[in-house]
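Residue-level structure breakdown
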2 protein chains.
Amino acid sequence: MDDNEKYQDADPGLPQYRKLYEVLRSHILNGVYHEGDLLPSENELCTVYGLTRPTVRHALDELVREGLIKKQKGKGSIVHALPTGIGILSVAGTTSALGNRNLETRIISGPEVRRWEDNFFFPLPDPYIESGCIYMERLRLVNGKPLFYDISYLPNINLPRFTTRSFENKSLFDTLRRHYRIEVTGGEQRLWAIPATPEIAGYLQIDPGEPVLHLERKIDTNRVGYSFYSSLYCNTEDYALYGLF
Amino acid sequence: MDDNEKYQDADPGLPQYRKLYEVLRSHILNGVYHEGDLLPSENELCTVYGLTRPTVRHALDELVREGLIKKQKGKGSIVHALPTGIGILSVAGTTSALGNRNLETRIISGPEVRRWEDNFFFPLPDPYIESGCIYMERLRLVNGKPLFYDISYLPNINLPRFTTRSFENKSLFDTLRRHYRIEVTGGEQRLWAIPATPEIAGYLQIDPGEPVLHLERKIDTNRVGYSFYSSLYCNTEDYALYGLF
DNA sequence: TACAACAACTTGTAATTACAAGTTAAAAGC
DNA sequence: GCTTTTAACTTGTAATTACAAGTTGTTGTA
């Protein structure tokens, strides 16, 4: 199967630049290109995929934003080294960021509907407060070692049967996309280094008082006006968090 | 002075989309627009600034990337709340991220030329190693409290008189831009929560063993092939780091 | 051989046109 | 007065054309 066929087979609902982006992205991640390699030039990509330069450039821009390529005027699109560490500072859920590392997800609590906490860590729109909050605590383990303790808060709006679903070893982001057509588009986060409380230390199997990384995140989606939230505690003894800026 | 004049007066060396970006950015940061306000529509901006939609959209895309606006199809460009916390996870130097907070920069050591450390925390190109490293330790204080302890490493390539410059209460990014025409375009970073060593605790005026945030950053510039590096220790007791993803 | 000029690439910027699709408020109909 | 329809907006996608500017290898000249 050549590139163009793979391109044609992509989800026809997607815009052209997105389909090209997916193809190139998978090629880079699958090692078709290596660090330092040049992608085909924009004009070549135009010819191969039957697109025009603005469209091709749109796809390449996304790859630049994601850090998979760097562009240099006069030269071309240079494939970047694949990130080491855990790419949780950028978009994509934990599962996708961890790639094919041995990942396990354990449900500690939920999902269940409850009231939003008072003084929630991000300001909440009124409709969110009225409809309540889907609450869930999860533990993510890599190679058997707990790495993240994650508390998720989702507005209970138009998510039928959500609390009855199983999330054991499932990706939250995938579930949202597959069953509810909700895609994560980005978000904002705050970040601290804090001493582990006894509870958090218990989950992460470290000593209380040991430094852990605390993230509070607001996660935006393609559904207009729908965001959800996550409070995350991370043991960075063995893995660093990785991100672009 | 109206918008178009301010636009015309911008650095003529900059591309059009960049000039428009700067104008809109300054308007948002200066409170001309408030959270939730709509920017003028793309077509209005075209008319006012004498540009076409692709150019205007390019400028708006940058604002979206920076998190200053969000766009919604059918509606417009919505001004986002200004970030709280310290925007160090995204581009822009510490000084710019801290805005008008009371910032002080103290030089602990350097700048001086020395050999690169063995097993440097990012892989170094050979030309960097040969030409040596400009080393500098700085402490950044906010309202008199030390917040960052920053070790910078710059390749000693084509930076005349760099080590003789004064950096006391000066921005490194600004110096690079003004004197060497080097602009920071982005970079990558790794992130840990670690216990403060006695040395770091001393600089940050906290107890040894207290959690601090450790960042290792590779910082890319518009000068082809020129990146520099920073190892950063951050006291997050009072301020969170802030970023988009 | 060494150097300079050039040609053939590359990406960057920008104008122009067209239509699709989501939002909103006014107009039309009941 | 109320609902439905429509028209006039908004941003999203995409093709087309043109030139600027940086990179690289080749060609020609000294």
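Here, every reference points to the structure presented above.
Scope of this entry: the structure provided in the associated data block. Worth saying up front: this structure is predicted, and the values here are computed from it rather than measured.

**A word on the relation of the copies chain A and chain B**
With an RMSD of 0.1 Å, the fit of chain A onto chain B corresponds to turning through 180° and sliding 0.0 Å along the axis. On this basis, the relationship between the two copies can be described by a two-fold rotation axis. Mapped onto chain B, 100% of the interface residues of chain A are again interface residues, and the two copies thus contact each other with one and the same surface.

**Focus: the sheet that holds strand E6 (residues 184-195) of chain B**
Here 7 strands make up an open sheet; going across it, the order is E9(A)-E6(B)-E7(B)-E8(B)-E5(B)-E4(B)-E3(B) and the pairing antiparallel. With partners counted over all chains shown, the strands left at the sheet margins are strand E9 (241-244) of chain A together with strand E3 (103-114) of chain B, one partner each. Averaged over all pairs of adjacent strands, the angle between strand axes in this sheet comes to 15°, irrespective of strand direction. Judged from the 6 bridges that link them, strand E5 (residues 145-155) of chain B and strand E8 (residues 227-234) of chain B form a sheet pairing that is antiparallel. Considered in E8 of chain B, the bridge of Phe148 of chain B is made with Cys234 of chain B. The sheet strands contacting helix H7 (residues 172-180) of chain B are strand E4 (133-142), E5, E6, strand E7 (211-221) and E8 of chain B, and the helix crosses E8 of chain B at an angle near 160°.

**Description of the nonpolar core**
Grouped together as the largest cluster of nonpolar side chains are 23 residues, with contacts concentrated most on Leu191 and Leu213 of chain A together with Leu191, Leu213 and Leu241 of chain B. Going through the elements one at a time, strand E5 (145-155), strand E6 (184-195), strand E7 (211-221) and strand E8 (227-234) of chain A together with E5, E6, E7 and E8 of chain B are the ones with two or more residues in this core. In this structure, Phe122, Tyr149, Ile151 and Ala196 of chain A belong to the second largest nonpolar core, which totals 21 residues.

**Considerations on the protein's contact with DNA strand C**
Taken together, 26 residues lie near DNA strand C, and Arg57 of chain A together with Gln16, Thr52, Pro54 and Thr55 of chain B sit nearest. Residue Arg57 of chain A places a side-chain N or O atom 2.8 Å away from a phosphate oxygen belonging to DNA strand C. Listed by contribution, the elements that provide at least two residues to the surface near DNA strand C are helix H3 (42-49), helix H4 (53-66), strand E1 (69-72) and strand E2 (76-79) of chain A together with helix H2 (16-29) and helix H4 (53-66) of chain B. By residue number, the principal contributor to the surface near DNA strand C is H4 of chain B, which donates 4 residues. Grouping the constituent residues of the surface near DNA strand C by class yields 4 nonpolar, 12 polar and 10 charged.

**Focus: the side chain of Lys218 of chain B**
Take Lys218 of chain B: it is sitting in strand E7. Within polar-contact distance, the side chain of Lys218 of chain B engages the side chain of Asp220 of chain B at 3.0 Å. In this view, Lys218 of chain B contacts Phe245 of chain A together with Phe122, Gly186, Gly187, Glu188, Ser227, Phe228 and Tyr229 of chain B; residues no more than four positions away in its chain are not counted.

**Some thoughts on the interface of chain A and chain B**
With 34 residues of chain A at the interface, the matching set in chain B holds 34 residues. With both sides pooled, the region where chain A packs onto chain B buries about 2,900 Å², and carbon together with sulfur makes up 61% of that total. Remark: the boundary between chain A and chain B carries 2 salt bridges. With its nearest N and O atoms 2.9 Å apart, the salt bridge here joins Lys70 of chain A to Asp220 of chain B. Our count for the chain A to chain B interface comes out at 14 residue pairs in polar contact (both at pLDDT 80 or more).

**What to know about unusual backbone geometry**
Residue Asn143 of chain B is not a glycine yet carries a positive backbone phi of 50°. The topology assignment puts Asn143 of chain B in the loop between E4 and E5.

**Digging into the protein's contact with DNA strand D**
Taken together, 24 residues form the shell around DNA strand D, and within it Gln16, Thr52, Pro54 and Thr55 of chain A together with Arg57 of chain B come nearest. Of all atoms in DNA strand D that approach within 4 Å of the protein, 76% are sugar or phosphate atoms. One of the backbone nitrogen or oxygen atoms of Glu42 of chain B is found 3.0 Å away from a phosphate oxygen of DNA strand D. Within the backbone of Gly74 of chain B, a nitrogen or oxygen atom sits 3.3 Å from a base oxygen of DNA strand D. If you list the elements that add at least two residues to the surface near DNA strand D, you get helix H2 (16-29) and H4 of chain A together with helix H3 (42-49), H4 and strand E1 (69-72) of chain B. In terms of residues, the surface near DNA strand D owes the most to one element, H4 of chain A, which gives 4 residues. Its residues placed into classes, the surface near DNA strand D shows 4 nonpolar, 10 polar and 10 charged.

**Things to note about H3 of chain A**
All names here are of chain A. Buried within H3 are the following residues: Glu42, Leu45, Cys46 and Tyr49. Down the axis, H3 shows its buried residues gathered within 105° of arc, on one side only. Residues of H3 that are exposed and point more than 90 degrees away from the buried face comprise Asn43 and Thr47. One or two positions beyond H3, positive phi appears at Gly50, with a value near 65°.

Parameters and conventions
Residues numbered from 1 in each chain as written. Chains lettered and ligands numbered in written order. Predicted model: local features only at pLDDT ≥ 70, side-chain atom pairs only at ≥ 80, totals over all residues. Heavy atoms only, no water. Least-squares fit on C-alpha atoms with pLDDT ≥ 70 in both. Contact = heavy atoms within 4.5 Å. Pairing = 2+ DSSP bridges. Helix = DSSP H or I, 4+ residues; strand = E, 2+ residues; numbered from the N terminus. Axes fitted to C-alpha atoms, helices over the stretch in contact; angles between N-to-C directions. Core = buried A, V, L, I, M, F, W, Y, C linked by side-chain atoms within 4.5 Å. Buried < 20%, exposed > 50% of the residue type's maximum accessible area, 1.4 Å probe, protein only. Near = heavy atom within 4 Å. Polar contact = N/O pair within 3.5 Å; in protein donor to acceptor, adjacent residues only side chain to side chain. Nonpolar A, V, L, I, M, F, W, Y, C, P; charged D, E, K, R; others polar. Buried area = accessible area lost by both parts, 1.4 Å probe. Salt bridge = Lys/Arg side-chain N within 4 Å of Asp/Glu carboxyl O. Arc of directions from axis to C-beta.

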